[in-house]
Amino acid sequence: MLTLHAAPLVLPVGAPPVADGAVAVEGDTVAAIGPYDEVAAAHPGARVRRWPGVLTPGLRQWHAVWLLTRAYHPDPREYDELGDRPLTGERLAALVMTETRRAGSVRRGLQQMLSHGTTAVAGTFTDPVVSAAVARSGLRVVSALRAPGILVGEPDLDPFREAFDLPGAAGAPLAVGGRADLAVFDVPDEAALPTAGAGTCVATVLGGRLVHRRR
């Protein structure tokens, strides 16, 4: 079914912003981008999903390998004991780690990336547990060449922390005929994205599939 993802502001990257815009998605492909009224008129009967804030391309996580192999992502049932942030360093070293626990951490780490609007992960995934989980997730794997490096402290789930702006954080521009990887953030405009961060993500669409939705 063809779906229209509509938002007060669509930011394709590499093309002008669209106020009261929409992205038409058919299968795993972007079928149209433009003002909502025009896209809706051209696709009668399409399912419509309306989102707040700004709709952008999906983001790229430069440090996915580090986040999945050198951090532990607690199970919600462990939040009272461990908190809800990734454990690294001494706290990770003190944790009794089993293969089951590690595999669960990898799955939750990928889910956390999706909840931050990430649709592409950079790097080479040589760990069998990690590579299998990444393949199952459907996240696009891209080269880590020209990665910015760790600027301050440890890597973060928020791609804006190192990219500083939307063009730097986007995995690829939204374009008609391209893969339908997009994210929606509950912020008023593009300038608010780096400050508010990817934690404001309300929806992530990966290859045309809605894989994250904040309730």
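Draft legend 1. Structural detail: the environment of His 5. Mapped onto the elements of the fold, His 5 is located in strand S1 (residues 3–10). The residues contacting His 5, other than those within four sequence positions of it, are Gly 21, Ala 22, Val 23, Val 25, Arg 49, Trp 51, Leu 55, Leu 182 and Val 205. Separated by 3.2 Å, the side chains of His 5 and Trp 51 make a polar contact.

Draft legend 2. Molecular detail of the sheet that holds strand S7 (residues 118–122). With parallel pairing, the three strands of this open sheet are ordered in space as S6-S7-S8. Since the sheet does not close on itself, it has two edges, and those belong to strand S6 (59–61) and strand S8 (140–142), each with one partner. Along the sheet, successive strands turn relative to each other by an average axial angle of 35°, direction set aside. One ladder, built from three bridges, connects S6 with S7; its direction is parallel. In the sheet register, Leu 59 faces S7, and the bridge partner there is Thr 118.

Draft legend 3. The packing of aromatic side chains, seen in detail. Summed over the entire model, instances satisfying the criterion amount to one aromatic pair. Here Phe 160 and Phe 185 contribute two aromatic rings whose centre-to-centre distance is 5.9 Å and whose plane-to-plane angle is 70°, an arrangement assigned as edge-to-face. Here Phe 160 is found in helix H7 (residues 160–163), whereas its partner Phe 185 is found in strand S9 (residues 182–185), with 25 residues between them in sequence. Phe 185 carries the same exposure label as Phe 160, and that label is buried. One residue, Arg 50, lies across the ring of Tyr 36, its end atom 4.3 Å from the ring centre.

Draft legend 4. Structural view of the pattern of salt bridges. Scanning the model with the defined rule gives eight salt bridges in all. Measuring nitrogen to oxygen at the nearest pair gives 3.6 Å for the salt bridge that ties Asp 75 to Arg 108. With a gap of 33 residues between them, Asp 75 in the loop between helix H2 (64–69) and helix H3 (79–82) and Arg 108 in helix H5 (residues 99–115) connect regions that are remote in the sequence. For the pair formed by Asp 75 and Arg 108, the shared burial category is buried. Its salt-bridge partner being Asp 181, residue Arg 179 comes within 2.6 Å of it at the nearest N-O pair. The structure contains a network of salt bridges with shared partners spanning Asp 75, Arg 77 and Arg 108.

Cut-offs applied
- Residues numbered from 1 in each chain as written.
- Predicted model: local features only at pLDDT ≥ 70, side-chain atom pairs only at ≥ 80, totals over all residues.
- Heavy atoms only, no water.
- Helix = DSSP H or I, 4+ residues; strand = E, 2+ residues; numbered from the N terminus.
- Contact = heavy atoms within 4.5 Å.
- Polar contact = N/O pair within 3.5 Å; in protein donor to acceptor, adjacent residues only side chain to side chain.
- Pairing = 2+ DSSP bridges.
- Axes fitted to C-alpha atoms, helices over the stretch in contact; angles between N-to-C directions.
- Phe/Tyr/Trp six-rings, centres within 6.5 Å; stacked < 30°, edge-to-face > 60°.
- Buried < 20%, exposed > 50% of the residue type's maximum accessible area, 1.4 Å probe, protein only.
- Lys NZ or Arg CZ within 6 Å of the ring centre and 35° of its normal.
- Salt bridge = Lys/Arg side-chain N within 4 Å of Asp/Glu carboxyl O.

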